[in-house]
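# Overview (structure and organization)
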2 protein chains.
Amino acid sequence: MPMRRSTLLAALLLSSSWANADSALSEQTLNATQELKKHAMVSQHPWNILESLTTEVGPRLPGTEGDVRAVQWAMDKFKQLGFSKVYKEPVKVPYWYRGSAHASVVAPFPQPLTITALGNSVAADVTAQIIRFDNLDALIQADAAQVKGKIVFIDHKMERYRDGRGYGPVVKARGKGAVEAAKKGAVAMLLRSVGTDSHRFAHTGVMRYVDYVDAIPAAALSNPDADQITRMLSRGEKVEVNVKLTSENRGEATSYNVIAEIPGSDLANEVVIIGAHLDSWDEGTGALDDGAGVAIVTGAAKHILERGLTPRRTIRVVLFAAEEIGLVGAKAYRDAHKDTLDSIYIAAEADFGAGPIYQFNTRVNESALDSMEIIAKQLESLGVKLGNNASWGGPDVSILPALGVPVAGLSMDGTDYFDYHHTADDTLDKVDPDALRQSSAVYTLYAWMMANLDEELRPIPLPKQ
Amino acid sequence: MPMRRSTLLAALLLSSSWANADSALSEQTLNATQELKKHAMVSQHPWNILESLTTEVGPRLPGTEGDVRAVQWAMDKFKQLGFSKVYKEPVKVPYWYRGSAHASVVAPFPQPLTITALGNSVAADVTAQIIRFDNLDALIQADAAQVKGKIVFIDHKMERYRDGRGYGPVVKARGKGAVEAAKKGAVAMLLRSVGTDSHRFAHTGVMRYVDYVDAIPAAALSNPDADQITRMLSRGEKVEVNVKLTSENRGEATSYNVIAEIPGSDLANEVVIIGAHLDSWDEGTGALDDGAGVAIVTGAAKHILERGLTPRRTIRVVLFAAEEIGLVGAKAYRDAHKDTLDSIYIAAEADFGAGPIYQFNTRVNESALDSMEIIAKQLESLGVKLGNNASWGGPDVSILPALGVPVAGLSMDGTDYFDYHHTADDTLDKVDPDALRQSSAVYTLYAWMMANLDEELRPIPLPKQ
């Protein structure tokens, strides 16, 4: 990547305005930024894109017919929106079939329970006594003799925060709970839902097996059902539960990363990636996760296109495949482009609901932080503040910083996000149109400015692994 | 019923205090009322009763094992709480088996839908085109040729009010929609849920067939699903849906009205009824509908019992059977006691969630309204205002005013009630313990004062039919 900034600086030394703090963005770019802001803040594009995806496709789990239709929808939508360069790149994805999920208390107080299979779980038809743990660590420390033959119930309650930091501490039990339970001879694992709501929805999400431990079935209980079991256990009696799942792993299928570009001008070989993931869990219509992201970044590029603006760098919208089942599309993208990752100027992904966006974080060379301030200043009137330089950039692009790729994270208000996350209740009515519009406006300005910024972002501070 | 008030007035004419507006309640009664208020406002009884019912019994649809267990629970609970007179009266109830309910859009945008069978519905496995109506009247006015062979979708949105008055205009489509659709040759009826929420829960509730029209299956769509179908239809394409129900009517079963009494003293043959219904729909645990009512009225009587107070009239707690499927227990009660209905001094039922109670309505002789003001004055510090004299007294006692029985209605704040009503989401966590306590306190004072009031409440203004 050429040292453009220094070239410009040299040129500016000849002019009177060389010390202008805004020098990393030309006046023309800044004027266009203002125009874009006005345009994006009244735009219907993000909502219309989201409405279209959630209505016409709906659920789109990798490997299913819905995912195939989502890929076709994305190709069609990009073309319909007028992008000149639209293509897709194949991704091998595991196909997990959900089937049905039923559970009930058999004794002492017979009644049905609301559960959902965790993604990747094997089938089940098992009746056993419940043994409850406060969290994954308590299970790991438990005496195997107490666990053997029982259904492990991990009752770790998620806390609500704007930035979603309550997720990390509890989600590890979703991923590893079944393995740790199986190590001690459990016959199934029931997880308190990783979610902040108190509605009768169980939150799904991917879990993992390891080769050296038996695969036992894994499901999530809705939060009210977790409370119900805890109340039953508090009476000191044995609680016996039946769990039936007809889930199965059905091999591999092909999905696609779907991509649209606005070709750049003099720096066309450098790419500003704005991404989201196209797949979704299958019980809702994936409105917040991640239809909103698809709408935000696609809308952002459309705004630039619609204004007839040509960025210096190429703006690339990447709709990743199969994020939910382990960043499968992101890894395929990384592998397919491993020889040209240095052409990625910066990457960001919108995958945390509909917003609004309140903070702009980055992972760029420290010498570029003045330029990040310049960008942040343009975002200020949209309610966005400059944050830190320790961003991971969003799930699908989080694997790029380790390879030297700069990333940005536009933090969305996720206060309510985990009320709906991975449930049947993740539907269009949960999206605030104004928040969605603001988020897409922020991405519009962000992408436009990044594509025109006169700054070197590399080498980045490498993340600690 | 003796004209006690006039007797008392005669006696009071001899004293200096005869004109005291509080004369309908003795000073002793008023002192005890104050004591009861303090006691009830810190009581754990209502919550503990509700926690016990929803945890240990859970769903209790008439005819099911849950209903049998609920009856036993109520008998046991009354005895455990120390009521000296506890009994049950048999009620023949229809047994409707819910089975499973699935629906999906077949074309043009295949995806699953969230539905629930309406109570009493026949089974279904039908695929047909959707025809949408704004409301029941629009269906009634429709051309049969347009409806024949299709699935009727009635999309009438319920409005939210504190007093629940949004229910009436929409619920008639639940009761009669299938019959009206069948008259025009429809093959099934899908109803937008009668509920104020926007969650992926369908609201069940009873529907009716008539002998002279074919019984077609009837189910409710969750509100987000109703919106989804409307969006699909707005694209101008035919929308084809499959509906599968395995419901069936399974004949009759026996349930019970379960009753506990605090015997009165000098007016023991007169009865103050405070009721609720013991049955519930089967997808939630019937916490708001009507576990809360059970807890409120049972707790109220317990408070009086616990203070060692003896009312002049008998206080009778009636937990009605099978309210949800058509006031079946209430009608059985009326019929079983048809010769002694004039012994009912006044009746009220708590069946609108957990409260708080904000208004005290009555249907009593107009000459007794001064005494109602006296009672209302005692409720004022609990946040309750005197309302009107046109009450129906709550569902199960609503059939009594036509037979001359005075009723009272303690209006509960139902702003959120229809968010959960008749859904799987009607669980204990939806109940506000403070509201529940206040409601039970109001019933405590109400029952105590009515049981000691020196007033003639009959004849009542007969309701217009």
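If you're wondering where the values come from, they're calculated on a predicted model, not measured in any experiment.

Thresholds applied
Residues numbered from 1 in each chain as written. Chains lettered and ligands numbered in written order. Predicted model: local features only at pLDDT ≥ 70, side-chain atom pairs only at ≥ 80, totals over all residues. Heavy atoms only, no water. Helix = DSSP H or I, 4+ residues; strand = E, 2+ residues; numbered from the N terminus. Rg over C-alpha atoms; globule rule 2.2 N^0.38 Å. Buried < 20%, exposed > 50% of the residue type's maximum accessible area, 1.4 Å probe, protein only. Areas by Shrake-Rupley, 256 points an atom, 1.4 Å probe, with all protein chains shown as cover. Lys, Arg positive; Asp, Glu negative; His and termini not counted. Charge placed at Lys NZ, Arg CZ, Asp CG, Glu CD. Contact = heavy atoms within 4.5 Å. Buried area = accessible area lost by both parts, 1.4 Å probe. Salt bridge = Lys/Arg side-chain N within 4 Å of Asp/Glu carboxyl O. Polar contact = N/O pair within 3.5 Å; in protein donor to acceptor, adjacent residues only side chain to side chain. UniProt positions renumbered as here; feature names shortened; annotations may be inferred. Domains from an automatic or database assignment. Pairing = 2+ DSSP bridges. Axes fitted to C-alpha atoms, helices over the stretch in contact; angles between N-to-C directions. Least-squares fit on C-alpha atoms with pLDDT ≥ 70 in both.

### Some thoughts on the overall build of chain A
Along its length, chain A carries 13 helices and 16 strands. Relative to the compact-globule value of 23 Å for 465 residues, chain A shows a C-alpha radius of gyration of 24 Å, a close match. Viewed in the frame of its principal axes, chain A has a C-alpha envelope of about 85 × 40 × 40 Å. Taking all 465 residues of chain A together, 63% fall into the buried category. As displayed, chain A offers around 17,100 Å² of accessible surface, 51% of which is attributable to carbon and sulfur atoms. Between the mean site of the 47 positive side-chain charges and the mean site of the 58 negative ones, chain A shows a separation of 2 Å.

### What about the interface of chain A and chain B?
With 32 residues of chain A at the interface, the matching set in chain B holds 32 residues. Where chain A abuts chain B, roughly 2,400 Å² becomes buried across the two surfaces, and 48% of that area is made up of carbon and sulfur atoms. Run the count over chain A and chain B and you get four salt bridges. Salt-bridge contacts for arginine 235 of chain B lead to glutamate 56 of chain A; the nearest nitrogen and oxygen are separated by 2.8 Å. Where chain A packs against chain B, one counts 25 residue pairs in polar contact (both at pLDDT 80 or more). Top contributing element to the side of chain A that touches chain B by residue count: helix H3 (residues 45-56) of chain A, with five residues.

### Structural notes on the environment of alanine 287 of chain B
Of note, alanine 287 of chain B is situated in helix H9 (residues 287-306). Among residues more than four places away in sequence, those in contact with alanine 287 of chain B are Leu50, Thr54, Ala292, Asp426, Thr427, Leu428 and Val431 of chain B.

### Topic: the UniProt feature "domain: Peptidase M28" (unreviewed entry) in chain A
When the UniProt feature table is mapped onto this chain numbering, "domain: Peptidase M28" (unreviewed entry) sits at residues 257-442 of chain A. Between the C-alpha atoms that bound residues 257-442 of chain A there is a distance of 24 Å. The span itself is 29% helix and 25% strand.

### A short note on the domain arrangement of chain A
All names here are of chain A. The assigned domain composition of chain A is domain 1 (4-96 + 252-452) and domain 2 (99-246). Centre-to-centre separation of domain 1 and domain 2, based on C-alpha positions: 35 Å. Contact residues are listed per partner, giving 21 residues for domain 1 and 24 residues for domain 2. For the pair domain 1 and domain 2, the summed buried surface comes to about 1,700 Å²; carbon and sulfur atoms form 56% of the total. The interface formed by domain 1 and domain 2 includes two salt bridges. Taking the shortest distance from any N to any O, the salt bridge between arginine 160 and aspartate 416 comes out at 3.5 Å. Remark: the boundary between domain 1 and domain 2 carries eleven residue pairs in polar contact (both at pLDDT 80 or more).

### Thoughts on the sheet that holds strand S5 (residues 124-133) of chain A
Residue and element names in this part refer to chain A. Strand order in the open sheet made by the eight strands is S3-S2-S9-S5-S6-S7-S8-S4, with mixed pairing throughout. Looking at which strands have only one partner, the edges of the open sheet turn out to be strand S3 (111-113) and strand S4 (115-117). Strand-to-strand, the axes of this sheet are offset by a mean angle of 30 degrees, without reference to chain direction. Direction of pairing for S5 relative to strand S6 (residues 151-154): parallel, over a ladder of four bridges. Its bridge partner lying in S6, phenylalanine 133 is registered against isoleucine 154. Strand contacts of helix H7 (residues 167-183): S6, strand S7 (188-192) and strand S8 (218-221), with the helix running at about 150 degrees to S7, the strand carrying the most contacts.

### A few points about the relation of the copies chain A and chain B
Superposing chain A onto chain B takes a rotation of 180 degrees plus a shift of 0.0 Å along the axis, which leaves an RMSD of 0.0 Å. Overall, the copies show the geometry of a two-fold rotation axis. Interface residue correspondence from chain A to chain B reaches 100%, placing this contact among same-surface, isologous pairings.

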